[in-house]
Amino acid sequence: MAKRDYYEVLGVDKNATEDQIKKAYRTIAIKYHPDRNPGNKEAEEKFKEAAEAYDVLHDPQKRQQYDQFGFNGPQGGFGGFNATSMNMDDIFSMFGDIFGGRAGFGGFGGSAHRGPQQHRGSDLRLKVRLSLEEIATGVTKKFKVRKDIPCSHCHGTGAEDGSGTETCPTCHGSGVITHTTQSIFGMMQTQGTCPTCNGSGHVIKNKCRHCGGTGVEKGEEVVEIKIPAGVAEGMIINVPGKGNAGHNKGINGDIQVFVEEIEDERFIRDDNDLIYNLLLDFPTAALGGDVEIPTIQGTRLRVKMEPGTQPGKTLRLRGKGLPAVQGYGRGNGDLVVNVSVYIPKTLSREEKEAIEKFKHSDNFQGDAATKRSIFQRFKNYFN
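First things first, this report covers the structure right here in the doc. Bear in mind that the values here come from a model prediction, so they are computed numbers and not experimental data.

## Thoughts on the side chain of Asn-238
Phase 1: In this structure, Asn-238 sits in strand β8 (residues 236-239).
Phase 2: For Asn-238, a relative accessible area of 15% translates into the label buried.
Phase 3: Among the polar contacts made by the side chain of Asn-238, one reaches the side chain of Asp-254 at a distance of 3.2 Å.

What follows is the structure in structure tokens.
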């Protein structure tokens, strides 16, 4: 894929300030973040492309070189940064200050290199299917999860018999290594994770025979996950620290729970509103009377229907819908009742005779206003 102009990638003009560039990058990175687009290769490429553009434009020296020479900067690039060759952890470590901590639902990114790094376990993904009743109240679900857990032999250290660790000979305990390259603009330095210790700053003297020095083994854990009320299809709930254990007593990963809704037989969901189709019998529609409406909360509401209730009438019961997810709105939605009138397909002889008596009554023919209303509805529908 041909490279796009870095300003075009971030959607800013060439006079954009550093704050404008930072804000534009964060917006794009959140939109295409892998936690929000699992398995989406196109989103991943756009995420990397934005990171490469930001790497150049937020640095005054690199930006000046890019404005002058375009992509033909020092060594044909800028400090060795190439979007297609970078992995996500590298990008998180370089631009952690943009996101303010790694998370799946509500925050994105990772911490930048600031010395030796703890190994972070990978995230796990689970799927949970919820009924509307569970969504209305919130629910706690238990999952038996197979994942990496601390090694039972070395207790997660990765060292045999408590032999401990020693300072990494490659990075001398810093966790990072520095590359220096000569360019037409002078010496340029870039930092990366030490390949010997993977950023920890130390190496194990005598590796554990059970886990091979990783400090983790395969195991199972029963995890309780609290699902808040009001969640919707496609939402992702992040559970910090319940993912795979990090190597050598590192940081645990997270669990990302993907929400699926089970179709309900009574209600149709419209955001936080619920729609209920009431099938009203003809006598009640004509004469009026009380009917019972079910709610998602498990109660039944008695509602008075006025005489002459027409098919298509809508009732709105305030606050009887679903709650908003905490932090993403307030209160409950409504329960919207759509009224239909049931007309029997078959009639007994007595029923037919009774209806025949009213067939030619003016009151059963419909008044002019009603006919105009029906005509207008059909006209609007076909237009």
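## Regarding the sheet that holds strand β11 (residues 273-281)
Backbone hydrogen bonds are what pair the strands of a sheet, in a parallel or an antiparallel way.
Phase 1: The strand order β10-β11-β15-β14 describes an open sheet built from four strands, whose pairing is mixed. Strands with a single pairing partner mark the edges of an open sheet, and in this sheet they are β10 (267-270) and β14 (314-317). Between one strand axis and the next, the sheet turns through 30 degrees on average, direction left out of account.
Phase 2: Strand direction decides the pairing type here: β11 and strand β15 (residues 335-342), joined by eight bridges, are parallel. Paired with Asn-277 across the strands is Asn-338, a residue of β15.

## Quick notes on the pattern of salt bridges
Phase 1: Tallying each qualifying case throughout the model produces 25 salt bridges.
Phase 2: For Lys-41, the salt bridge identified is with Glu-44, shortest N-O distance 3.9 Å. Pair noted here: Lys-41 and Glu-44 are both in helix α3 (residues 41-57), with a separation of three residues, about one helical turn.
Phase 3: For Lys-41, a relative accessible area of 59% gives the class exposed.
Phase 4: A salt bridge links Arg-269 to Glu-261; the shortest N-O distance between them is 2.5 Å.
Phase 5: By relative accessible area, which is 22% here, Glu-261 ends up partly exposed.
Phase 6: Here the salt bridges do not stand alone but share partners, grouping Asp-273, Arg-316, Arg-318 and Asp-334 into one network.

## Looking at the packing of α3 against helix α4 (residues 60-69)
Phase 1: Taken N-terminus to C-terminus, the directions of α3 and α4 make an angle of 100 degrees; their axes are 6 Å apart at the nearest point. Considering their axes alone, α3 and α4 lie roughly perpendicular with respect to each other. Between α3 and α4, the residues in contact are Asp-55, Val-56 and Leu-57 and Lys-62, Arg-63 and Tyr-66, respectively.

## With respect to the environment of Phe-47
Phase 1: Mapped onto the elements of the fold, Phe-47 is located in helix α3.
Phase 2: A relative accessible area of 0% means that Phe-47 is categorised as buried.
Phase 3: Separated by 19 residues in the primary sequence, Phe-47 and Ile-28 place their C-alpha atoms 7.3 Å from one another.

## Let's talk about a nonpolar patch on the surface
Phase 1: Where nonpolar side chains cluster on the molecular surface, the patch consists of Phe-282, Ile-343, Phe-358 and Phe-364 and spans about 420 Å² of accessible area.
Phase 2: Its place among the elements puts Phe-282 in helix α8 (residues 282-287).
Phase 3: What makes Phe-282 partly exposed here is its relative accessible area of 42%.

## Notes on the nonpolar core
Phase 1: By size, the foremost hydrophobic cluster in this structure holds 38 residues, and its most contacted members are Ile-225, Ile-227, Ile-255 and Ile-293.
Phase 2: When sequence neighbours within four positions are dropped, the list of residues in contact with Ile-293 reads Tyr-276, Leu-278, Thr-299, Arg-300, Leu-301, Val-303, Leu-317, Leu-335 and Val-337.
Phase 3: Formed by 19 residues, the second largest nonpolar core is a distinct cluster that contains Tyr-7, Ala-24, Ile-28 and Tyr-54.

## Overview of the sheet that holds β8
Phase 1: Taken together, the three strands give an open sheet; going across it, the order is β1-β9-β8, and neighbouring strands pair in mixed fashion. The strands lining the two open edges of the sheet, one partner per strand, are β1 (124-130) and β8. Averaged over all neighbouring strand pairs, the angle between strand axes comes to 25 degrees, with direction disregarded.
Phase 2: Bridging between β1 and strand β9 (residues 255-261) involves seven bridges; their strand directions are parallel. Along β9, the bridge assignment pairs Val-128 with Val-259.

## Here's the deal with the pairing of strand β12 (residues 289-294)
Phase 1: In this sheet, strand β13 (residues 300-305) lies alongside β12 in antiparallel orientation, the contact comprising six bridges. Paired with Gly-289 across the bridge in β13 is Met-305.
Phase 2: Connecting β12 to the next strand, β13, in antiparallel fashion are five residues, including Gly-298 with a positive phi near 100 degrees.

## Notes on α4
Phase 1: For α4, the full list of buried residues reads Lys-62, Arg-63, Gln-65 and Tyr-66. Projected down its long axis, α4 shows its buried positions confined to an angular sector of 165 degrees, all on one face. Those residues of α4 that are exposed and angled more than 90 degrees off the buried face are Pro-60, Gln-64 and Gln-68.
Phase 2: Buried residues belonging to α4 abut α1 (6-10), α2 (18-31) and α3.
Phase 3: Of the residues that open α4, the one with a side-chain oxygen 3.0 Å from the backbone nitrogen of Gln-61 is Asp-59.
Phase 4: Looking one or two residues beyond α4, the residue adopting positive phi is Gly-70, at roughly 65 degrees.

## Details of the packing of α2 against α3
Phase 1: Between α2 and α3, whose axes approach to 9 Å, the crossing angle comes to 165 degrees. Classified by the angle their axes make, α2 and α3 are roughly antiparallel. As for how α2 packs across α3, the hand of that crossing is left-handed. Contact with α2, carried on its side by Ile-21, Lys-22, Tyr-25, Ile-28 and Ala-29, involves Phe-47, Ala-50, Ala-51, Tyr-54 and Leu-57 of α3 and no other residues of that element.

Conventions used here
- Within each chain, residues carry numbers counting from 1 in the order of the written sequence.
- For this predicted model, a pLDDT threshold of at least 70 governs which residues receive local features, and a threshold of 80 or more governs which side-chain atom pairs are given and counted, while totals over whole chains, interfaces and linings are taken from all residues.
- Side-chain measures here rest on the full set of heavy atoms in the structure, leaving out hydrogens and waters.
- Under the DSSP-based scheme used, a helix requires at least four consecutive residues in state H or I and a strand at least two consecutive residues in state E, with every element numbered from the N terminus.
- Per-residue accessibility, obtained with a 1.4 Å probe over protein chains only, is compared with the maximum for each type, and a residue is labelled buried under 20%, exposed over 50%, and partly exposed between these values.
- Here a polar contact is taken to be a pair of N or O atoms separated by no more than 3.5 Å, where protein atoms must pair a possible hydrogen donor with a possible acceptor and residues adjacent in sequence count only if both atoms sit in side chains.
- Strand pairing is assigned whenever DSSP identifies at least 2 bridges connecting the two strands.
- For every element, the axis is a line fit to its C-alpha atoms; helices are fit only across the contacting stretch, and the angle between N-to-C directions ranges from 0 to 180 degrees.
- By definition, a salt bridge exists where a carboxyl oxygen of Asp or Glu is found within 4 Å of a side-chain nitrogen of Lys or Arg.
- The cut-offs work like this: below 35 degrees is roughly parallel, past 145 is roughly antiparallel, 65 to 115 is roughly perpendicular, and the gaps in between are oblique.
- Throughout, a contact is declared for two residues whenever any of their heavy atoms are within 4.5 Å.
- Candidates for patches are residues over 30% relative accessible area with no salt bridge; among them, like charges are joined within 9 Å and nonpolar side chains (Val, Leu, Ile, Met, Phe, Trp, Tyr) within 5 Å.
- All accessible-area figures derive from a Shrake-Rupley calculation using a 1.4 Å probe, and residue coverage is judged against the displayed protein chains alone.
- The definition of a nonpolar core used throughout is a set of buried Ala, Val, Leu, Ile, Met, Phe, Trp, Tyr and Cys residues joined through side-chain atoms within 4.5 Å.
- The arc in question is formed by the directions pointing from the helix axis toward the C-beta atoms.
- Here is the rule for handedness: rotate from the far helix to the near one, and if that takes an anticlockwise turn smaller than a right angle the crossing is left-handed, while a clockwise turn gives right-handed.

Keep in mind these values describe shape, not function.
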